[in-house]
Every structure is written in structure tokens, then in C-alpha cells.
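Chain by chain, the residues run as shown.
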Amino acid sequence: MKITDLSFLASVFWSSLLMLSMYALRKFYCIKSRFNLWVMLGLYFLCMLRAFFPAELKQAVEINDYYLYAWIYRPLRSFLRFPLIQTTRFQLSVWQGLLLLWGAVSCILLVRHFWHCHRSYAQIRKYAAPCSAQADRVLEVVQSKFAKPQKISLYTMPEIDIPFCVGIFRKAILIPQKDYTTDELYYILLHESTHLRNRDTAIQFIVSIFCCIFWWNPVVYLIKADVEQTLEIRCDTTAVREMQKTEKAAYLRTIVNTMRDAATSSKPLYYTATALVHSEQGKQIKERFGAVLSSSSKPVRKLPQLLVTLSCVVMLGLSYILLPQPAYEAPPSTEPNTVDFDPSNTCVQRKEDGTYWLCNELFQSEQIAEDEALFYQKIGFTIKSKEDE
């Protein structure tokens, strides 16, 4: 297993193609067909896995491309290998310089991300206060809906306008200091508790790390926004699964009321927090409403999601097995006393003693090493033994 500029470019191509395919699938298919959103999230993480491991396997089958891939790759590879700095003791190519830039920016973004997380949690610890007894009782009712109640802390903060949940190991729900009705509190706490039960805060944390590392790929930001929307839809459909139409309507009214607060709020959301709504809504909120109204307790159709899952896994496997390889036709030699040879007029012969010889009618046979013979066989030359004569 090795990592080269070719395998890295192939990884960028395959992971971006897979992520865009998943994005298109969820946008145009999965909600209408009630596709399992757990499966969609799993497929997204398979795409991320492909980006994290741009390795080239020894068993990979090279696909020689004489046209498009070669036309794109040849000038790109020449550019990447162009020396930026070249001295007698040190040489830095464009490829190495870009890797250094990638690593430096990724480190800065990761440090910035963890610093914001730390500062957010410090502010929560500083300003959070216990909620009213009414809110605690409503949370107990919500917890009783689940087979295994979670350990969730409930706080209120004057510095927030939108309810949200935080924490991966120490989970907490924070609500604004507002006068909510018992029904509104129930739906808010049900939504946030479902987020925590689904481990959505951990998923958001992982996706944020992914974006910090692959900051240069515009596809990851598209996927980040879509993963957040997928988490919200999954949370909504899970929360209202056993509800009647009137309860669903009350749930959606709570979202609308909270959305009004979000529209007028100028306070940023805390890092790795999962809120009931976000300030930037539009088509996303309509999609959530449609998913809630069309949701039911009927089992999800398994055949479509099985076919899509298998297709994605097969594509992921093929991305490691099939390696597009730029190929070029060698120009004919113009030097005197030289002979051009190819598989049509030359073969490799294996003698009884195990040696390999390159044979052509126009020049004397030449002994070659075994690895050279295997290379010639790989590019189309025939290896003949005495029995083949």
C-alpha cells in the first residue's frame, strides 16, 4: 500500500463523486420514498472514509487511458512536480508545497475549532442555571417515552434565544429564559432528547473535523449542510413517529414559533450544538415540514435502500481496485541505429533455466530481469515458454 500523487487525485475524484451522488439521491429521492436516513448518513461516512485513505493497493488494476484522463493528468502532474525551491541540498516541488499548505491550514482550523468548542462550553458552565420545576417534570415525561432513559442535564441561559443540545459524553439541553407552555416545552425537549439519543452532536463534531481537514474541497461544505439537514429530518420523523395529526400540527407550530425567534436573533449558536431550528431557513424548513406530515409508523421499504447501499459499497471498492492510469503512445525514434518495438513484433521468452529474454527479429535477444519481464507482460507483451514454441 502506498500513497502517490496519482492515488491522491483518484481519491479526491472518487470521494467527491460519491458524496455528490449521495447528495443528489437524498435531494431528489429519499424523502419521497421514505428512504432510511440512517443508511444515508452511513453512506456519507463511507464517502468520507474514501477521502481519509487515498492509498494505492498493490492489487489495484490499472486502467490505461490515452485520452481524457491523460489530457488532464499530464499537465497537472507536470505542474505539481515543478520545483518551487531548488538548491544543492534542498528541493521543494509544487506538490510538496501544497501538502505543507494543506497541513498548516488544517492545523490552524482544527485549533480554531477546538478553541471555539472550549470557549462555548466555558460560557455554558459560567452562565447556565437550573430550569424550573415545570421543565424538569416535562423532561421526565419525555424520558419515559424511551425504553432506556438518558442522563441529560437541563439548563436555562439568558444569552440564548433558541433551544439546543450539546455534549457527546455529558449531554445537556439548554433553553432560553422564556415563558413556554407545557406543550411547547414537551415538543422542544422531545426534539432535543431525540437528537442526543441519535448521537447527532457526535456526528456534527466528526463532520466539522472532516471539513477542517479537507477545507480545500468545496464538496465537503455542501455535504456538511446536507448532513445537518438530514439529521434534522431524521430527528423530526423519529420524534413524531407515534403522533396523531393534531400532535404533529402542534409540534410544527412549536417549530414555527421557535423559527420566529431565530429570525430575529443576532446571537450565534454554540459549537457542536444541535438546535430545534437555525436562523437560515427556507426550503430546508419546508422539507422538514413535508417529512413530518408524510411520516408514518409503517416500515421503510428495504429493497431501494439495499440496492443503493450495495451500489455505494461496490463503488467504494472499485475506487480502490480500479486505478485510472494515464497512458501515452511512445513517439517513433529518430535516432540512427535504433529499433522501435511493441507487442506486435516483440515478445518475452522464458528459458528453462528461469531466465527471461526480450526477443525481436530485428535485433539480438537481450536478457532482462524477472521484474522487467512482468512489467512488459503488464503493458501487453506476451511471455512465451519453450512449450509455446
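For every chain, the first residue of the written sequence is number 1, and numbering continues from 1 onward in sequence order. Reporting in this predicted model follows two pLDDT cut-offs: at least 70 for local features of residues, and 80 or more for side-chain atom pairs to be given and counted; totals over whole chains, interfaces and linings ignore these cut-offs and use all residues. Derived side-chain values reflect all non-hydrogen atoms in the structure, with water molecules and hydrogen atoms excluded from consideration.

A.B. asks: Got a sec to walk through empty space enclosed by the protein? Specific residues and values, please.
C.D. replies: Residues are said to line a cavity or pocket when one of their atoms sits within 4 Å of a point; the points come from a 1 Å grid over protein atoms alone, cavities being sets where a 1.4 Å probe fits but cannot get out and pockets being open sets with protein on both sides within 12 Å along at least five of seven lines. Grid points are joined across faces, edges and corners, and a volume is the space filled by probe spheres set on the points. Per the counting criterion, the structure on display carries 3 cavities of 30 Å³ or more. What the largest cavity holds in volume is close to 70 Å³. Forming the walls of the largest cavity are 13 residues, and the residues nearest its centre are Val 12, Ser 15, Ala 51, Phe 214 and Trp 216. Residues belonging to the lining of the largest cavity are distributed by class as follows: 10 nonpolar, 3 polar and no charged. Any residue that is not Ala, Val, Leu, Ile, Met, Phe, Trp, Tyr, Cys, Pro, Asp, Glu, Lys or Arg is counted as polar, Gly included; the first ten are nonpolar and the last four charged.

A.B. asks: Account for the side chain of Ser 16, with residues named and values stated.
C.D. replies: Here Ser 16 lies in helix H1 (residues 5-30). When its relative accessible area of 11% is taken as the criterion, Ser 16 is described as buried. Within 3.5 Å is the distance limit for a polar contact, defined as a pair of N or O atoms, with the added protein rule that one can donate a hydrogen and the other accept it, and that residues adjacent in sequence qualify only through two side-chain atoms. A polar contact is formed between the side chain of Ser 16 and the side chain of Asn 217, at a distance of 3.1 Å. Counting from the N terminus, the helices are DSSP H or I runs at least four residues long and the strands are E runs at least two residues long. Three labels apply to residues, based on accessible area from a 1.4 Å probe with only protein chains included: buried if under 20% of the type maximum, exposed if over 50%, partly exposed otherwise in between.

A.B. asks: Quick one: what's the story with the environment of Pro 54, residue by residue and with numbers?
C.D. replies: Tracing the backbone through its elements, the reader meets Pro 54 in the loop between helix H2 (37-52) and strand S1 (61-65). Residue classification places Pro 54 among the buried positions, given a relative accessible area of 11%.

A.B. asks: Give a description of the pattern of salt bridges that names residues and reports values.
C.D. replies: We define a salt bridge as a contact between a side-chain nitrogen of Lys or Arg and a carboxyl oxygen of Asp or Glu at a distance within 4 Å. Using the criterion set out here, one finds 4 salt bridges in the structure. When the shortest N-O distance is used, the salt bridge between Arg 288 and Glu 232 registers 3.6 Å. Pair noted here: Arg 288 is in helix H10 (residues 283-294) and Glu 232 is in helix H8 (residues 218-239), with a separation of 56 residues, a long-range link. Judged on exposure class, the residue Arg 288 and its partner Glu 232 are both buried.

A.B. asks: Lay out the packing of helix H7 (residues 200-213) against H8 with the relevant residues and their values.
C.D. replies: When two helices pack together, you describe them by how their axes are tilted relative to each other and by the distance separating the axes. Between the N-to-C directions of two axes lies an angle of 0 to 180 degrees, each axis being a line fitted to C-alpha atoms and, for a helix, fitted only over the stretch in contact. At their nearest, the axes of H7 and H8 sit 10 Å apart, and the two run at 175 degrees to each other. In terms of axis orientation, H7 runs roughly antiparallel to H8. Two secondary-structure elements touch here, H7 through Asp 200, Ile 203, Gln 204, Val 207, Ser 208, Phe 210 and Cys 211 and H8 through Val 220, Tyr 221, Lys 224, Val 227, Glu 228, Leu 231, Arg 234 and Cys 235. The class makeup of the residues in the contact of H7 with H8 is 9 nonpolar, 2 polar and 4 charged. Working definition: roughly parallel below 35 degrees, roughly antiparallel above 145 degrees, roughly perpendicular at 65 to 115 degrees, and oblique for all remaining angles. Residues count as neighbours in contact if any of their non-hydrogen atoms are within 4.5 Å of one another.

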